[in-house]
Amino acid sequence: MLPDSRGVSRRAFLKSAVAIGGASALAACMDREDADVPTGVDEPASLPEHQHAWNDALSRDDAGNVVPPRHHALVHLEFDGEPTDEARGTVESALRTLERAYEWSNNGLLATLGYSPAYFERFDSALPESVHLPEPQPLSDLEDPALDTPDAILHLASDHASGVLEAEEAMRGNRDTANGVDVDAALTDVFSVADRRSGFVGDGLPAEHQDTGGVPDSEPVPEDAPFYMGFESGFEKSQATEDRVTIQSGPFAGGTTQHVSHIDLNLTQWYEQDDRESRVAQMFCPAHADSGAVEGTGENLGDSPQLDDCGDPVETGSERGVVGHSQKFQRVREDGRPVILRRDFDSTDGGHAGVHFLALQREIADFERTRDAMNATDVSGQTPVGRTQNNGIRQYLSVTHRGNYLLPPRSNRALPTPEGSDA
Amino acid sequence: MRKPSRRAFLAAAGSVGLGATAGCLGFLETERATREPPLPENRPDTAYVPSHVEGMEMAGMQTSGRYACALSYTFPHRFWLVRGAETDRVDVRGEDDVHLMVAVWDTETGTVLPEANVAIEHTGPDGETSSVTPWQMLSQQMGVHHGDNVALGPEGNYDVSVRVVPPTTRRTGETAATDPLEFEFSFTFDRASLDDLPFEDIPADREGTAGAVDPMDMKSATLSQAPPADDFPIPVRGTGETGGANLVVGATEEFGDLAGDSETYVAASLCTPHNKFVLPSASLSATVDAGGTQVFDGDLVPTLDPNLGYHYGAVVSSGEEIENVTVSVDTPPQISRHEGYETAFFDFSDVSV
Ligand code: HEM
């Protein structure tokens, strides 16, 4: 066990362990965390058909907002073999191992396996019309991201760092048991690991991990903030429902698409130059800064960022010279709600404060449209708001990676063909 | 004669001599970074002479296609962010080592490019890489540029790469590519030579009075100056002063593809009073009367022109003689300010010419 004399707090250590990964991090982590992780079910039929059906399995805060799992890993996988029935059987049996080992909850483990456009390229036929899954591309002139093209991506999430680490080790073929359950197969029996990324979200975790690049030395991240930038995010009424992001027809009905970008945060200006009012104006809208609508991290807002009084972004931009991040998305809401379901989390990957911006939507076009609203070229074109400066939070973000994936429904998740796995 | 250096200033101003604190570096660094002369008292609501002027070091000048970029640095100093009509003062932090500045201009037209997007990445002698997205700024010595106070790492050689995305500002005449450009620089960060940069503490009877210090001779970099009214590239309708800025309004029926038959191009050039730096990122609108009726009521759009430089303009549909142009500045220039400009250019009134 690692000595406490290194001055690492127990909670800080647990997170760092996920960032480090591997067997020794897991061993140290299990000692520290000593969690009693509930086991799962033998019969996958008892689990939701949507891999992305997490909301009912997560807890909610007093205002009714979904509380995301605290620890996350994203494992990039390459598939070099043939998608035979045998390979499919192996993938299915690996994933069933996780379902048997961990309760489908934040207390156990939530997982999804997704496939990229690069994966589907190996087949003669194309994906059906009902699936919009383009190759990732830069979504603004101002960014130059690396385009992620692994064949598949495994997302693991749990409130227990040891749960995430152990599940990952099991899927990498490094363990015989997971949470006391026999590991029947590993994903690395058919895939190889190309990359791994990790992160965390939830009250206190960003503050504990602010000793990293992009955050000034003054430790400015509020103690109780769930995200590095200091505000609550993911209010119930600011999220698409799981139904809204679910593919409705075709062989992948019940699935969804996943966009995962990595964004470096530059928080020196945010915390040391901007004052609180500017931060509220840029994150929410100037009207919120004027009215003092946001207290502390914004928990007082309840289940909605209450953007109704924010006004039109172009008008605000002309009158105030600044437009709010949240405010800009009002234009792409449908039926009063956004069309993307954000499941983003913070990270210290690359030794830098960042965000793995993971979003689910029925089609990737929904994400692109939403991102376009954030670029707000109409606002910067018609008002003194810059393309990044005073344009929501764009000044502080730089996108380093983008990837697009399809999350098939649970029954179709093992090496699907473009027609679905029973082709 | 050489101007006195900052080192001399520090030694004179500080109760702590440099030698005396050799064993107390952390303390010393905090001290020196924040030792800017205090702000002048009773600053006027107009461009004023600042508390001090400082020299700067040019790290280099590079070109890429038609664009050029200069990187320079000086010691960290306070500046003001602007949002709407509000300023937010940014003080020097203990860890700030330099004030980094980037200027970008178009070599073919000789115009500085406000509204470009600039990102700086620097890698120090310890191999650590950090990035900064500098603010668009206005200073009396340099005009429009991009800058920020930056904490570097250890002294030694820094490789700096500057990524510039040229602005999408409307252009007259030909279009220019707006693909991102990369410029590579390197410079030696050395506290001692930084302290040897010229530094002039402006005497109390001059600082805080209306005026401005002279632009520095930038050698290779072009200053963002507007054309003077007596040498304006198009016929001048009139000039005015508003918000502490100078406004020149011109109108012409001959203006490239922008003004066709029975059309007049109306251009408003808004600049600082003494150094004639353009004031970008404001919103301007105008009403125009011609032939006894109002023929225009709308926005003046930020526009880059090889002769007019950065200005605000609109095409007015009327072949008749213009009788009146009334220009309003609806939103002040949204550009961060160095000392001497932070109280000016906020409170505008309409100008009729
Ligand atoms: C990476 C740093 C980001 C941070 C810290 C951040 C933070 C926030 C916050 C605090 C809110 C308002 C509270 C709420 O969630 O309801 C919000 C809203 C939102 N953000 Fe972000 N965001 C980030 C990036 C993005 C990106 C890249 C997108 C996608 C294009 C995005 C899309 C949205 C949407 C759609 C909303 C809801 C707006 C509405 O209610 O209509 N955000 N964000």
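Since this is a predicted model, take the numbers as computed values, not measurements.

Draft legend 1. Layout of the sheet that holds strand S9 (residues 129–132) of chain B. Residues and elements named next belong to chain B. Here we have 4 strands laid out as an open sheet, ordered S9-S8-S12-S14, and antiparallel in their pairing. The sheet is open, and its two borders are formed by S9 and strand S14 (181–189), each paired with just one other strand. For this sheet, the mean angle separating the axes of adjacent strands, direction not counted, is 20°.

Draft legend 2. Inspection of the packing of aromatic side chains at higher detail. Residue and element names in this part refer to chain A. Scanning the entire structure with this criterion turns up 18 aromatic pairs over all chains. Ring geometry for phenylalanine 120 and phenylalanine 252: centres 6.2 Å apart, planes at 80°, overall edge-to-face. Here phenylalanine 120, found in helix H4 (residues 117–120), pairs with phenylalanine 252, found in the loop between helix H6 (205–208) and strand S8 (256–265); they are 132 residues apart in sequence, far enough to count as distant. Given the relative accessible area of 5%, phenylalanine 120 is considered buried. A centroid spacing of 5.4 Å and a plane angle of 90° characterise the contact between phenylalanine 231 and phenylalanine 284, whose relative ring orientation is edge-to-face. Remark: phenylalanine 284 occurs in the loop between helix H8 (276–283) and helix H9 (286–291) and phenylalanine 231 occurs in the loop between H6 and S8; sequence separation between them is 53 residues. In this structure phenylalanine 231 comes out as buried when scored by relative accessible area, which is 5%. According to the relative accessible area criterion, phenylalanine 284 is buried, its value standing at 3%. Pairwise contacts between aromatic rings join Phe79, Tyr115, Tyr119, Phe120, Phe123, Phe191 and Phe252 into one cluster. Just above the ring of tryptophan 104 sits the side chain of arginine 410; from NZ or CZ to the centre is 4.4 Å.

Draft legend 3. Examining the site of the ligand more closely. Residues and elements named next belong to chain A. Around the ligand sit 26 residues, and of these Gly234, Ser238, His325, Arg333 and Arg342 come closest. One of the side-chain nitrogen or oxygen atoms of arginine 342 is found 2.9 Å away from an oxygen atom of the ligand. Among the secondary structure elements, those contributing two or more residues to the shell around the ligand are helix H11 (325–328), strand S11 (354–361) and helix H12 (364–375). Counting residues per element, the shell around the ligand draws most heavily on H12, which supplies 4 residues. Among the residues making up the shell around the ligand, the classes are represented as 15 nonpolar, 7 polar and 4 charged.

Draft legend 4. Molecular detail of unusual backbone geometry. Residue and element names in this part refer to chain B. A positive phi is found at asparagine 42, a non-glycine position, where the angle reads about 50°. Among the secondary structure elements, asparagine 42 is positioned in the loop between helix H2 (25–34) and strand S1 (52–54). Its relative accessible area of 72% is what places asparagine 42 among the exposed residues. Backbone geometry places glutamate 115, a non-glycine residue, at a positive phi of 70°. Judged by relative accessible area, glutamate 115 falls into the partly exposed class, the value being 23%.

Draft legend 5. Main features of the confidence of the model for chain A. For chain A, the average pLDDT comes to 93, and 96% of its residues sit at 70 or higher. Below a pLDDT of 50 lies the segment residues 1–7 of chain A, which in the model reaches 5 contacts outside its immediate sequence neighbourhood of four places, other chains included.

Draft legend 6. Looking closely at H12(A). Residues and elements named next belong to chain A. Taking 1.5 Å per residue, 12 residues should reach 16 Å; H12 reaches 16 Å between its end C-alpha atoms and fits that length. With 9 of 12 residues buried, H12 lies mostly within the body of the structure. Every buried residue belonging to H12 is among Ile364, Asp366, Phe367, Glu368, Thr370, Arg371, Ala373, Met374 and Asn375, and all of these are buried. Each element contacted by the buried residues of H12 is listed here: S8, H11, S11, helix H13 (377–382) and strand S12 (397–407). Alanine 376 sits one or two residues past H12 and shows a positive phi near 50°.

What counts as what
Every chain's residues receive numbers from 1 upward, in the order its sequence appears when written. All chains are assigned letters beginning with A, and all ligands numbers beginning with 1, in the order in which they are written. Totals for whole chains, interfaces and linings use all residues, but because this is a predicted model, local features are given only for residues with pLDDT of at least 70 and pairs of side-chain atoms are given and counted only at 80 or more. With hydrogens and water excluded, all non-hydrogen atoms of the structure serve as input to the side-chain values. When DSSP locates at least two bridges between a pair of strands, those strands are taken to pair. Only runs of H or I of at least four residues qualify as helices and only runs of E of at least two qualify as strands under DSSP, and these elements are numbered from the N terminus. Simply put, an axis is a line fit to the C-alpha atoms, just over the touching stretch for a helix, and the angle between two N-to-C directions goes from 0 to 180 degrees. Paired rings are identified among Phe, Tyr and Trp, the last through its six-membered ring, by centres lying within 6.5 Å, and are further divided according to the angle between planes into stacked (under 30 degrees), edge-to-face (over 60) and tilted (the rest). Exposure is judged per residue with a 1.4 Å probe applied to protein chains only, and the accessible area is read against the type maximum: over 50% gives exposed, under 20% gives buried, and values in between give partly exposed. Remark: a charge is flagged as sitting over a ring if the NZ atom of Lys or the CZ atom of Arg is within 6 Å of the ring centre and within 35 degrees of the ring normal. Whether a residue is near a molecule or strand depends on its heavy atoms: it is near if one of them lies within 4 Å of it. Pairs of N or O atoms are called polar contacts if they sit within 3.5 Å, as long as, within protein, a hydrogen donor faces a hydrogen acceptor (for residues adjacent in sequence, only side-chain-to-side-chain pairs). Classification convention: Asp, Glu, Lys, Arg as charged; Ala, Val, Leu, Ile, Met, Phe, Trp, Tyr, Cys, Pro as nonpolar; all other residues, Gly among them, as polar. Confidence of the predictor at the level of single residues is captured by pLDDT, which takes values from 0 to 100. When checking whether two residues touch, look at their non-hydrogen atoms; a contact exists if any pair is within 4.5 Å. Expected span, for any helix, means 1.5 Å times one less than how many residues it has.

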